[in-house]
Amino acid sequence: MTRLNSILDKVQEYNPGADLNNIRKAYVYTALAHKGQVRLSGEPYLIHPLEVANIIADLKMDVASVTAGLLHDTLEDTLTSVEELSARFGEEVTTLVEGLTKISKISFKTSEERQAENFRKMILAMVKDIRVLIIKLADRLHNMRTLQFQRPEKQQAIAQETLDIYAPLANRLGISWIKQELEDLSLRYLKPSIYAELEQKIARKKEESREYITKVIKIMERNLHHHKIEGTVTGRLKHLYSIYQKMVHQDITFEQIYDILAFRIIVHSVKDCYAVLGIIHSLWLPVPGRFKDFIAIPKTNLYQSLHTTVIGPDAEQIELQIRTKEMHRIAEMGIAAHWQYKESYKLDDKERSQLDWLRQVVEWQGDVSNAGEFLESVKIDLFADSVYVFTPQGAVKELPKGSTPVDFAYSIHSNIGDHCTGARVSGKMVALKYELKTGEVVEIITSNRQHPNKDWLHFVKTSKARSKIRHWVKKEAERRSIELGRELCEREFFRHKLSFNKEFKQGKFEDVAAQFSLNNAENLLAAIGRGKISALQVVYKLYPELRKSGRQEKKNKEESQQKKKRQSSEGITIKDIDDVMVHFAKCCNPLPGDPVIGFITRGRGVTIHRRDCKHVLKSDPERQIEVSWSLGQQATHQIKIRVLCEDRRGMLAEMTTVISSEEANISDVKVSTNIDRNAVCMFEIGVTDLKHLQQVMNRLEQVKGVIEVHRMN
């Protein structure tokens, strides 16, 4: 168990002039605030904030961060108020603790929604002060170290969240040792049997490799001395999760991993780094395509090193990293290295460039209304491997692997992305969905006539591009809904010999909007355009007396009859909307009995999709509407089924007889033969509902020689 004095000693060692009184006060305050509280392990709760503060001290952070580490749970888990915390420890510490406090007083529909909102809150707090995230990482690390006391299902959920969010965030901040420990601990709970097996194999490999590591170190030290280069050489096995990842991605076993050994050489200068690289490549044969220069082109988290893989002694593949002492400090501590030996929270321009990605997250998070969508977008950015491409002026842009010219355009400026019409890559014209490769020079061609295209969402990789495109598409959809709503209102008002423009200019639509719980008249017009509200309802709100007229009653009766006729022919009831055209989607061919959802299609009424249709899952939720099948209504629906069967004489006749016997009309049939010499029959048949279709398919499966029967989209 960590003691307060050991934390104080650490802080004093790396920051001799630090005022430690606030840390002492925070310890006493935390001990009293959490008095009587225990963790699931049965230990006093105080142990947790002490361990968090100790991890923060290991990162050599400032006094305010260590103090906030001790106090990080007081606002959430005790009766402490923001005002009391501020009075005792000052605004700086209080702001850090507030940024760490979860959202607990808001009601959410799902735990995923709560998780997403908590993360969004933390992101916004991080922009004000990145130390919020560093303290949060220390908190998560200690929780992962003691995860064995949680229920199995809780262990899985916390470990998955750690692997999805916190380990990649630690990587983004360049704190490699925390990233690696979080990944290893996550794997322990997500794949316990694999973890245990790998742990045993790595322990054996470590024992077997001890002599080999010593041998390589001696060879390198001898050569460094010969070339008068001062440096230290260390060797190790790669960490457990990175080995597991390689096994999964390359679909290989542990025994098939050849570059499991990694060596690190730390020297005094950049010049020495390249000199050592030359020595290594003169000693051993480099593996083609395995050299990376992160000194010339640093990662976005400011990580710098030379990486190379060679065929070392005894024909073993080994990976080597070459860096200076300063590079090593930043590689281990990341952004936390900027607080070492200094008390003030100030970053220079180079250091601030490390946080560009975070500022971009906040810039486009305002365009994303859905917290879950926001969290998913951040995950995409955090997980992606990188490619490095150049602007025509020679500036380097780091983008996720698989990025396209559209992603590149948005990384330059939102306006360039919005008007991107083409691209030249290394002098050649390429398609907008072309995947960029490291080292290519990208030039974007723009046009004021070009606007974002919804189809771009199928191939862009960066969160910024995705969110900006979605934002434009939603704005454009809103604009069109307003135009359509205005047109529908003008038509309805004209039919009643009323002036739409007069009522609109007098502000009466604002009053009607309020009655429908909408913010303003434009929102009302958009709702009419989307089919959520009818123009007739607006007329009734402004002129209630029209509802009572005999002429209107007759009109309502006619509309009711039309609605019944439509329901009879289509078999669909649309919630809260009358007199609307209904179409069935060709992409998924819904049948009565299928769970369905409506999608408002401008100019074509409502299109009915199956709820699991991939097009609906990707569509704008604002344009989805609840629908249901009308009870007692029967109509024939065309559906396609695919039958794989033996290719023999009389097979088709048997199947058509079965289909006809089930009272399903065959409107089309196509037959082909596949590579296995089996027949593939595509039937288009008319059925009444899902049950009817299932009967037909079941009967077909019973026909001798039929291998499988599938419903087609």
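Before reading further, recall that the structure is shown in the block above.
Residues numbered from 1 in each chain as written. Predicted model: local features only at pLDDT ≥ 70, side-chain atom pairs only at ≥ 80, totals over all residues. Heavy atoms only, no water.

(A) Examining the sheet that holds strand E10 (residues 428-430) more closely. Taken together, the three strands give an open sheet; going across it, the order is E10-E9-E11, and neighbouring strands pair in antiparallel fashion. The open sheet has two free edges, formed respectively by E10 and strand E11 (442-446), since each of these has just one partner strand. Ignoring strand direction, the axes of neighbouring strands in this sheet form an average angle of 35°. Both strand E9 (residues 420-425) and E10 contribute to a ladder of three bridges, which runs antiparallel. Bridged to Ala423 within E10 is Val430. (Pairing = 2+ DSSP bridges. Helix = DSSP H or I, 4+ residues; strand = E, 2+ residues; numbered from the N terminus. Axes fitted to C-alpha atoms, helices over the stretch in contact; angles between N-to-C directions.)

(B) Highlighting the pairing of strand E15 (residues 605-610). Where burial is concerned, most of E15 is hidden: six out of the six residues are buried. Sheet analysis places strand E13 (residues 582-584) next to E15, joined by three bridges and oriented parallel. Among the inter-strand pairings, His583 is bridged to a residue of E15, identified as Thr607. (Buried < 20%, exposed > 50% of the residue type's maximum accessible area, 1.4 Å probe, protein only.)

(C) Local environment of helix H4 (residues 63-71). Among the nine residues of H4, nine are classified as buried, and the element is accordingly described as predominantly covered. Taken together, the buried residues of H4 touch helix H1 (4-14), helix H2 (21-33), helix H3 (47-58), helix H5 (74-77), helix H6 (82-100) and helix H8 (131-145). (Contact = heavy atoms within 4.5 Å.)

(D) Representation of the pattern of salt bridges in the model. In the structure shown here, the tally under the stated rule is 31 salt bridges. Among the ionic pairs, Arg495 bridges to Glu492, the shortest N-O distance being 2.7 Å. In this pair, Arg495 and Glu492 both sit in helix H20 (residues 463-495), three residues apart, roughly one turn of the helix. Residue classification places Arg495 among the partly exposed residues on the basis of a relative accessible area of 45%. Overall, the relative accessible area of 12% leaves Glu492 in the buried class. (Salt bridge = Lys/Arg side-chain N within 4 Å of Asp/Glu carboxyl O.)

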